[in-house]
Amino acid sequence: MWTPVGRGRWHGRALTVWAAAAAHRGLLEPRPTPTREAAAKSRTLDRLYSSADRKEKIDLSRFSVENIRNFSIIAHVDHGKSTLADRLLELTGTIDKTKNNKQVLDKLQVERERGITVKAQTASLFYNCEGKQYLLNLIDTPGHVDFSYEVSRSLSACQGVLLVVDANEGIQAQTVANFFLAFEAQLSIIPVINKVDLKNADPERVEKQIEKVFDIPSDECIKISAKLGTNVERVLQAVIERIPPPKVHRKNPLKALVFDSTFDQYRGVIANVALFDGVVSKGDKIVSAHTKKTYEVNEVGVLNPNEQPAHKLYAGQVGYLIAGMKDVTEAQIGDTLYLHKQPVEPLPGFKSAKPMVFAGMYPIDQSEYNNLKSAVEKLTINDSSVTVHRDSSLALGAGWRLGFLGLLHMEVFNQRLEQEYNASVILTTPTVPYKAVLSSAKLIKEYREKEITIINPAQFPDKSKVTEYLEPVVLGTIITPDEYTGKVMMLCQARRAVQKNMMYIDQNRVMLKYLFPLNEIVVDFYDSLKSLSSGYARDKAHSVGKAICERLKDSLPRQLFEIAIQAAVGSKIIARETVKAYRKNVLAKCYGGDITRKMKLLKRQAEGKKKLRKIGNIEVPKDAFIKVLKTQCDK
């Protein structure tokens with residue numbers, strides 16, 4: 001902004017044009033002075049627009065491999081992982097200590113609303129211990145079983161874990177599952193007993209559980225209160241003492257593992273990488289072992305917990321890398337990155353996640369199909385455990401058949417679509433995959449294999465053409481107080497489960513292991529387990545079919561003819577409801593008279609409706625399908 005000599009102050013865009021012309025005519029001084037307002041505004045804009053560009057790059061070369069520790073925090077849901085992560089961030093000076101520090105690493109809106117971690121988050125901490133500066137790379141992981149794939153991916157970038165156990169609740173099912181993930185990965189395990197400040201806390205009992213179930217000596221347990229910060233510094237010391245540094249070679253060619261990624265609409269894919277060998281810096285040309293495409297590195301850095309650019313990333317370190325990957329299909333979780341013309345043996349990567357629940361997803365309006373497609377592709381970059389297959393429905397139009405790791409995983413994915421991409425969708429009732437061994441030579445030729453996997457109920461082959469059906473089963477662990485053991489066992493038997501093991505982990509708690517048919521537990525088993533209700537019938541086909549027919553009856557508009565709604569298993573009808581026809585009163589004008597006249601009119605009306613049933617078409621509104629697909633009636 002400029003001030004013309006001998007004139008009033010002008011502001012706004014029009015001044016720019018005037019200034020150019022005035023300068024040409026010599027009306028402006030050679031070195032114009034900004035106004036006070038202009039100077040203030042300029043300083044504000046300068047701070048806003050250049051704060052990211054001027055962020056000082058950190059030098060990570062000062063951290064030798066011996067002074068690096070990579071670890072994850074694992075636990076059952078609500079045992080205090082994220083709270084412990086907050087205290088560790090505060091102790092190392094990564095974030096300021098304030099009362100507002102609650103689940104700092106839970107960045108998603110869905111995590112804040114539900115109070116759970118659904119996405120593993122990374123943070124690099126700088127910690128001084130006994131005169132040495134250490135780089136601690138922390139990964140906070142989810143605790144729910146539906147997000148165990150996040151945990152297994154995170155462990156690939158670590159050499160140790162903090163196994164957090166609630167001092168009140170003790171060992172729970174996901175504590176066991178996450179322990180074995182770390183144990184199979186041969187990681188160092190540090191048991192941490194949290195919430196010792198609670199009134200009913202019993203850390204000594206939990207110590208005995210840990211020793212009995214995991215064979216970890218009780219004297220290795222660290223008792224803390226993450227909420228109050230009690231004894232948390234001892235956790236950092238244990239990380240340095242008990243977790244080994246990564247075994248890497250910085251002089252070897254670059255070998256980096258992509259263990260997570262996010263999508264930014266301006267910068268493209270931001271890959272979270274763990275460097276196993278070599279060094280990478282801005283300007284390097286790297287190659288994806290999966291796609292064989294070459295990229296130029298635009299930025300590298302660490303998460304602190306926000307992005308902090310660095311000059312270089314070195315072997316043994318965990319950070320992020322931006323290399324202009326604009327297509328969402330280019331960033332593959334488990335991919336290996338290496339320098340151009342310096343190929344290396346790709347890292348093993350990850351086992352593909354096995355979807356346990358399938359559901360159809362369709363846009364509410366088909367005109368939104370392309371926008372929804374883009375949103376699904378971008379979100380699956382961030383959540384690679386979701387499988388996507390194109391699908392179509394006569395009623396709902398074009399869509400997808402999506403595979404999830406569980407029901408909560410499906411709900412969170414849907415919620416993230418709505419919150420992050422403003423997408424409204426129709427989700428069908430979740431189902432599980434089945435396998436069928438075909439007996440029909442025609443079908444074997446059509447599918448090109450004898451055993452097929454069915455993820456869509458509409459594609460279920462007739463039993464006359466199948467030798468046998470196979471259903472998925474899971475090994476489930478239930479930990480319960482011993483007074484509920486009988487009711488829990490009755491519930492499991494009602495769900496066709498087979499008991500595999502039973503063990504008392506202490507005087508009051510029992511650990512049961514059952515082999516469950518997945519279809520029996522996928523929707524409402526957890527709620528039933530919590531309420532300890534029993535008496536479910538084993539054959540639910542009739543009740544489910546009847547409920548669907550009743551919902552459809554209430555949703556379909558009445559016609560001039562009767563509509564029969566039937567539920568069938570194969571060729572057997574198991575439930576039926578009828579939508580009554582609209583009926584004109586044809587006897588309204590008959591005042592007295594012979595009965596045969598009235599019968600004649602009624603017979604003619606019945607014949608007309610019979611004919612109409614043969615030629616009439618029923619247009620089922622979309623909202624009727626939405627109502628039917630709901631798990632429960634809105635009554």
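Preceding this paragraph is the structure being described.
Here goes a summary of the coordinates provided. (Residues numbered from 1 in each chain as written. Predicted model: local features only at pLDDT ≥ 70, side-chain atom pairs only at ≥ 80, totals over all residues. Heavy atoms only, no water.)

What about the pattern of salt bridges?
Between side chains of opposite charge, a pair can form as their charged atoms come close. Put simply, the rule is: A pairing counts as a salt bridge when a side-chain nitrogen of Lys or Arg comes within 4 Å of a carboxyl oxygen of Asp or Glu. Here a strand is any run of E in DSSP of at least two residues, a helix any run of H or I of at least four, and the numbering for each starts at the N terminus. Note on classification: 1.4 Å probe, protein chains only; a residue is buried when its accessible area is under 20% of the maximum for its type, exposed when over 50%, partly exposed between these limits.
Throughout the structure, instances matching the rule amount to 19 salt bridges. Of the charged contacts in the structure, one is a salt bridge between Asp166 and Lys195, with a shortest N-O distance of 3.3 Å. Of the two residues, Asp166 sits in strand E4 (residues 160–166) while Lys195 sits in the loop between strand E5 (188–194) and helix H7 (203–214), which places them 29 residues apart along the sequence. This pair shows no difference in class: Asp166 is buried, exactly as Lys195 is. Notably, a salt bridge pairs Glu307 with Arg267, separated by 3.0 Å at the nearest N-O pair. Placement of Glu307 in strand E13 (residues 307–309) and of Arg267 in the loop between strand E7 (255–264) and strand E8 (268–277) is noted, with a sequence separation of 40 residues between them. Of the residues examined, Glu307 reaches a relative accessible area of 23% and is grouped as partly exposed.

Things to note about the packing of aromatic side chains
When we look at a pair of aromatic rings, we describe it by the centre distance and by the angle of the planes. Formally: Note on ring pairs: Phe, Tyr and Trp rings are taken, using the six-membered ring of Trp, and paired if centres are within 6.5 Å. Classes follow the plane angle, with under 30 degrees stacked, over 60 edge-to-face and the rest tilted.
Per the counting criterion, the structure on display carries 11 aromatic pairs. Aromatic pair Tyr514 and Phe516: ring centres 5.8 Å apart, planes at 45°, arrangement tilted. Comparing Tyr514 with Phe516 shows no difference in burial state: the two are buried. Aromatic ring contacts, followed pair by pair, group Phe179, Phe180, Phe183 and Phe214 into a single cluster.

Describing the sheet that holds strand E25 (residues 498–504)
Filter applied, for reference: Criterion used throughout: strands pair if DSSP finds at least two bridges between them. Note on definitions: angles span 0 to 180 degrees between N-to-C directions of axes, and those axes are lines fitted to C-alpha atoms, for helices only across the stretch in contact. Residue contacts are defined here by distance: any two heavy atoms, one from each residue, within 4.5 Å place the two residues in contact.
Ordered by their spatial adjacency, three strands build an open sheet running E24-E26-E25, and the pairing between neighbours is antiparallel. On the outer flanks of this sheet lie strand E24 (473–481) and E25, each paired with one strand and no other. Neighbour to neighbour, the strand axes of the sheet diverge by 20° on average, direction disregarded. Both E24 and strand E26 (residues 509–517) contribute to a ladder of nine bridges, which runs antiparallel. Note on E26: the bridge partner recorded for Thr480 is Val510. Packing of helix H12 (residues 485–494) onto the sheet brings it into contact with E24, E25 and E26, and relative to E26 it is tilted by some 5°.

Overview of the pairing of E8
Within E8, nine of the 10 residues are buried, which leaves it mostly tucked inside the rest of the structure. With nine bridges joining them, E7 and E8 adopt antiparallel strand pairing. Across the sheet, the residue bridging to Asp260 is Asn272, located in E8. Connecting E7 to the next strand, E8, in antiparallel fashion are three residues. Pairing between E8 and strand E15 (residues 318–322): five bridges, direction antiparallel. If you follow Val273 over to E15, its bridge partner there is Gly319.

Observations concerning the pairing of strand E3 (residues 132–140)
By the criterion of burial, E3 is predominantly enclosed, with seven of the nine residues buried. Where strand E1 (residues 68–75) meets E3, six bridges bridge the pair, whose relative direction is parallel. Note on E3: the bridge partner recorded for Phe71 is Leu138. Bridge count for strand E2 (residues 121–129) against E3 is nine bridges, and the pairing is antiparallel. In the sheet register, Ala123 faces E3, and the bridge partner there is Leu138. In textbook terms, the turn of a hairpin is the stretch between consecutive antiparallel strands, and for E2 and E3 this stretch comprises two residues, one of which, Glu130, has a positive phi near 55°.

A look at the sheet that holds E3
Read from one edge of the open sheet, six strands run E2-E3-E1-E4-E5-E6, paired in mixed fashion. Edge positions in the sheet fall to E2 and strand E6 (222–223), since each has one partner strand and no second. Relative to the sheet, helix H3 (residues 81–91) contacts E1, E2, E3 and E4, its axis offset from that of E1 by approximately 150°.

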